[in-house]
Each structure stands twice: as structure tokens, then as C-alpha cells.
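Given next are the chains, with one letter for each unit.
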Amino acid sequence: MQKSKPKEAAQLSNHAFTLMVERAKNGDNEALLMVLEEMEPEINNLASFLKLPKEEGIQEITTRFIEKIRG
């Protein structure tokens, strides 16, 4: 069984996150994946409020999030 990292260690600092978002906006796919990974708990939580199956909600939110970053 894998030990989970403390929440503080697992999350990027606000400054690092902002830089990662900027890199993602400029077409850096690796940065985009890191941003999505960081946002995964929030996306999963928000998906529960949609009137869609959870996986479809996650997909919808993720797609729109990417569109906002890349748009």
C-alpha cells in the first residue's frame, strides 16, 4: 500500500501553479497535464453537482477547463 503525501506537499504553491497555467496557455502540454492533475480533486467535487453521470461530468468540466486555458 502506498503512503499518501501530505496535502501541502502534494499541492503546488500558488506562484508555481500560476506559472504552470501560463505555460499551459502558451501550448505546453506537460504543464497542462500538471495543472489538470492539481485540479483533479476540485473537478471531481464539482462533477457531483452536475445532473450527469459522474464520469461524464468530469469529462465535461475537464474539457471546458482546457478550452478556457487554451482559448
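For the structure itself, consult the block above.
What you see is a predicted model, and the numbers here were worked out from it, not measured in a lab.

Engineer: Requested: an account of the overall build of the protein chain, with residues and values cited.
Structural biologist: Each helix and strand in the protein chain was counted, giving four helices and zero strands. Secondary structure elements of the protein chain occur, N-terminal to C-terminal, as α-α-α-α. Within the protein chain, the fraction of its 71 residues that count as buried is 23%. Restricting the contact set of the protein chain to residue pairs at least 6 apart, pairs at least 24 apart contribute 44%. Put simply, the protein chain shows about 5,900 Å² of open surface, and 54% of that area lies on carbon and sulfur atoms.

Engineer: Residues and numbers for the nonpolar core, please.
Structural biologist: Counting 13 residues, the largest nonpolar core has Ala24, Leu32, Val35, Ile43 and Ile69 as the members making the most contacts within it. Among the secondary structure elements, those contributing two or more residues to this core are α2 (14-25), α3 (29-47) and α4 (54-70). The element that contributes the greatest number of residues to this core is α3, accounting for seven residues. Once residues within four sequence positions are removed from consideration, isoleucine 43 is found in contact with Leu36, Ile58, Ile61 and Thr62.

Engineer: Before we move on, can you summarise α2 with the specific residues and values?
Structural biologist: An ideal rise of 1.5 Å per residue puts 16 Å on 12 residues; α2 measures up with 16 Å between its terminal C-alpha atoms. All of the buried residues along α2 are Met20, Val21 and Ala24. Each buried residue of α2 lies within a common arc of 100° when the element is viewed along its axis, so the set occupies one face. Elements in contact with the buried residues of α2: α3 and α4. Directly beyond the C-terminal end of α2, a positive phi value near 95° is found at glycine 27.

Engineer: Before we move on, can you summarise the environment of glutamate 38 with the specific residues and values?
Structural biologist: Summarising the element assignment, glutamate 38 is placed in helix α3. Classification of glutamate 38 by relative accessible area gives buried; the value is 17%. For the pair glutamate 38 and phenylalanine 17, spaced 21 residues apart in the sequence, the C-alpha separation amounts to 8.4 Å.

Engineer: Can you lay out the packing of α3 against α4 for me, pointing to particular residues and giving the numbers?
Structural biologist: One can describe the packing of α3 onto α4 by two numbers: an axis separation of 10 Å at closest approach and a directional angle of 135°. In terms of orientation, α3 and α4 fall into the oblique class. Handedness of the α3/α4 crossing: right-handed. Touching Asn29, Leu32, Val35, Leu36, Met39, Ile43, Asn44, Leu46 and Ala47 of α3 are Lys54, Gly57, Ile58, Ile61, Thr62, Phe65, Ile66, Ile69 and Arg70, all from α4.

The rules behind these values
Residues numbered from 1 in each chain as written. Predicted model: local features only at pLDDT ≥ 70, side-chain atom pairs only at ≥ 80, totals over all residues. Heavy atoms only, no water. Helix = DSSP H or I, 4+ residues; strand = E, 2+ residues; numbered from the N terminus. Buried < 20%, exposed > 50% of the residue type's maximum accessible area, 1.4 Å probe, protein only. Contact = heavy atoms within 4.5 Å. Areas by Shrake-Rupley, 256 points an atom, 1.4 Å probe, with all protein chains shown as cover. Core = buried A, V, L, I, M, F, W, Y, C linked by side-chain atoms within 4.5 Å. Expected span 1.5 Å × (residues − 1). Arc of directions from axis to C-beta. Axes fitted to C-alpha atoms, helices over the stretch in contact; angles between N-to-C directions. Parallel < 35°, antiparallel > 145°, perpendicular 65-115°, else oblique. Left-handed = near helix turned anticlockwise from the far one by under 90°.

Spatial relationships are all this shows, so hold off on functional conclusions.
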